[in-house]
Amino acid sequence: MNEFEQLLSAVLEGRADAAQRQRLETMLQESPELRVAYVQQMRVHALLQFRAGVPVAVPADAPAAVPANVVEWPWRSWFGWATAAAAAVVVVAATATWLALRQPAVRAQVVEARDVAGVFQDGQQVQLQTLRLAGGSVGFRLDSGAMVRVTGPAEVEFVDAMRLRVRRGRVSADIGKEAKGFSIETAQARVVDYGTKFGVDVPDPSHTDVIVFQGEVRVFNKQAPVATLTTGEAVRVDKSRRLYRIVNVTSDGREEAWSTGGALAPNVVITAVRDNMEGDYPSLRNFYRIVPRGMREDARAYADFPHEWNGLDANGIPAWLRGADLVQTFNADQVNWFMELTVTVSRPCVLYVFADRRNPPPTWLRERFTDTGVNVGWEYIDPKNKIFAAKWPERGHTVFPFGVWKLEVHQPGEVKLGPPYFEQIRDPNEVRPNWMYGIAAKPLS
Amino acid sequence: MMNDKNTSLRLFVERLTGAQSQLYAFIVSLMPGADDAADVLQETNKALWQKASEYDPARPFLPWAMQFARWQVKAYRKRISRDRLVFNDELVDQLAAAFEHSDSSERQLHALELCLQKLPPAQRALVAAKYERDEAVNDIAAREGKAANAVSALLYRIRAALAECVERSLTAEAR
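Residues numbered from 1 in each chain as written. Chains lettered and ligands numbered in written order. Predicted model: local features only at pLDDT ≥ 70, side-chain atom pairs only at ≥ 80, totals over all residues. Heavy atoms only, no water.

1. Brief notes about the overall build of chain A
Of regular secondary structure, chain A possesses 6 helices and 27 strands. Evaluated residue by residue, chain A yields a buried proportion of 52% over its 445 residues. Sequence separation of at least 24 residues holds for 61% of the intrachain contacts in chain A that already meet a minimum separation of 6. Within the structure as shown, chain A displays about 19100 Å² of accessible surface, and the carbon and sulfur contribution to it stands at 51%. (Helix = DSSP H or I, 4+ residues; strand = E, 2+ residues; numbered from the N terminus. Buried < 20%, exposed > 50% of the residue type's maximum accessible area, 1.4 Å probe, protein only. Contact = heavy atoms within 4.5 Å. Areas by Shrake-Rupley, 256 points an atom, 1.4 Å probe, with all protein chains shown as cover.)

Set out below in structure tokens:
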């Protein structure tokens, strides 16, 4: 390489010192030919960066004034206009936070301390810088309004009320509207929140898991966004910053108690659920959430929607179904006729499938499962209006009957399930009830 | 009246959207190697949006928008006094001229996509490592058992080849 090429490479790779920059500047000023070469190189460099995803957007007041259908991002579309617009504000806010003088410590109130041997008490006011927890977990309410729960073993730096750095451990965050733009950094990623319940887990220095329970976050690799995750999606970012889908999240039903590394509770019946969808949808990031003994009144039905299971009458969910292990499935794929789910069970059990009664049952279900004749209610909850209290039919909520089908499984092992439809849907625009089925299991006594 | 306003707003948004990659390239060129080009682009978009009502659809958009980008780059230079990350004004003027005439983001990115497909697989993999996965040149070199210098040189040549290819296909398309 000649001197110009070497200088340019050094600058683009971020390893040029002040003298090298100065030299490049002088060379460019003196030579029109080098300026042409420079512009050529920078154009392609910028286009390649741009193609990989640069967080660009217009500011927040744009969407109100612009009809949504006017705008289509011309490049690989990471985000819709509205989210991109919101992103602008968040990126700006994040930069401002970065530039602001650092506070010596972050003020917080302890909300709920568990198994931390009296180090923290509920209601206590604390000043946080670096928090190291050997075990147990502590919830904090920060001045920004963000609620964070740190589960040990963990080491977390509280940079300011809007920003945490997680070196190790699991952090669950519940971000109110006022703390939008809250971010969590790890060695592999920066996660910026948009008013969400989400979690970040750094079990060891090699990777970061990011899970969204409600709302939306963006995952950045340095400056460039590498993923937008919405409700029910999760990714693992490894050392070389590659992204992988996390297929299973296990939890005990509380939002902050979750694990990507297997069951938290003993004696679970359903230990894993996987599917065959990644081949058709390489960017699929939805997870199955396994909730041991999670079947109860108002149990959340899906990982990606807040809809619920409940009883169709005053008796509620049948007693023999209550306390079953529950799998929150997802609806990402509305027309996949080739869908196959594999459910792994650890012991002999009765496996239940809840299927929409508005459709004829899928053939695989009719042939291999038995219809119990019992229904559970599938209650539509508006994702934007998460008020869970109202009950159908008194308050006009939408509830549909889902039939309970069962299969006795006599050996630990795998059970395959098919698509939720009785026939192939050829027109993706066709509207028909095709909500995903639910899965539950109880040990065979 | 309302319609006129809507039309010019629509044009503004279309042109702003269509100019994103050029504005980004321009900003990156004025502050090469600085990590914050995306932030400066955000600020530029914000400033442009605030002046949307002053935009005259009869005027070419890009030169107008580039003025805003230059101001924002200057503002950025004031903010970070710690390092010489931004070129001096004279050079900025010289470079600006080269950027004023360029195709829309959409066309450029489309051409780039086709040109990337024409690269030999090993070169395409190198582009993916550097630009999609943001791997450091040193890491790529170590993995491939090459000198870092050789990888830098190859990246330079690939960018030059892509630039030529993009130019060629845009010219061909224009005919």
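2. Section: the packing of aromatic side chains
All names here are of chain A. For the structure on display, the rule yields 26 aromatic pairs over all chains. With centroids separated by 5.7 Å and ring planes inclined at 10°, the aromatic side chains of W378 and F402 adopt a geometry described as stacked. Of this pair, W378 sits in strand β24 (residues 370-379) while F402 sits in strand β25 (residues 399-409); the two residues are 24 residues apart in sequence, bridging distant segments of the chain. A relative accessible area of 1% places W378 in the buried class. Here the aromatic cluster, defined as three or more aromatic residues joined through ring pairs, consists of Y302, F305, W309, F354, W378, Y380, F400, F402 and W435. If you follow R190 out to its NZ or CZ, it ends over the ring of F220, 4.7 Å from the centre. Above the face of the F400 ring, R358 is positioned so that its terminal group lies 3.6 Å from the ring centre. (Phe/Tyr/Trp six-rings, centres within 6.5 Å; stacked < 30°, edge-to-face > 60°. Lys NZ or Arg CZ within 6 Å of the ring centre and 35° of its normal.)

3. Remarks on the sheet that holds strand β17 (residues 270-275) of chain A
All names here are of chain A. Within the open sheet, the 3 strands sit side by side as β17-β22-β26. Their pairing is antiparallel. One side of each edge strand has no neighbouring strand; the edge strands of this open sheet are β17 and β26 (413-417). On average, adjacent strands in this sheet sit at an angle of 20° to one another, irrespective of strand direction. Bridging between strand β22 (residues 341-345) and β26 involves 5 bridges; their strand directions are antiparallel. Across the sheet, residue T344 finds its bridge partner in β26, namely E414. (Pairing = 2+ DSSP bridges. Axes fitted to C-alpha atoms, helices over the stretch in contact; angles between N-to-C directions.)

4. Things to note about the nonpolar core
If you look at the biggest cluster of nonpolar residues, it comprises 81 residues, and the most contacted ones within it are A:Y38, B:F12, B:L23, B:M31 and B:L162. With 10 residues, the top contributor of residues to this core is helix α9 (residues 148-174) of chain B. In contact with B:L23, not counting residues within four places along its chain, are B:L41, B:L48, B:L62, B:A65, B:M66 and B:A69. In terms of nonpolar packing, the next biggest core, distinct from the first, is built from 48 residues, A:F330, A:V343, A:V376 and A:W378 among them. (Core = buried A, V, L, I, M, F, W, Y, C linked by side-chain atoms within 4.5 Å.)

5. Section: empty space enclosed by the protein
Under the criterion given, the structure shown has 3 cavities of 30 Å³ or more. Size it by volume and the second largest cavity reaches roughly 40 Å³. Around the second largest cavity, the lining residues are A:S9, A:L12, A:E13, A:H45, B:K130, B:Y131, B:S152, B:L155 and B:R159. (1 Å grid on protein atoms, 1.4 Å probe; cavity = no way out; pocket = protein on both sides within 12 Å on 5 of 7 lines; lining within 4 Å. Points joined across faces, edges and corners; volume = space filled by probe spheres on them.)

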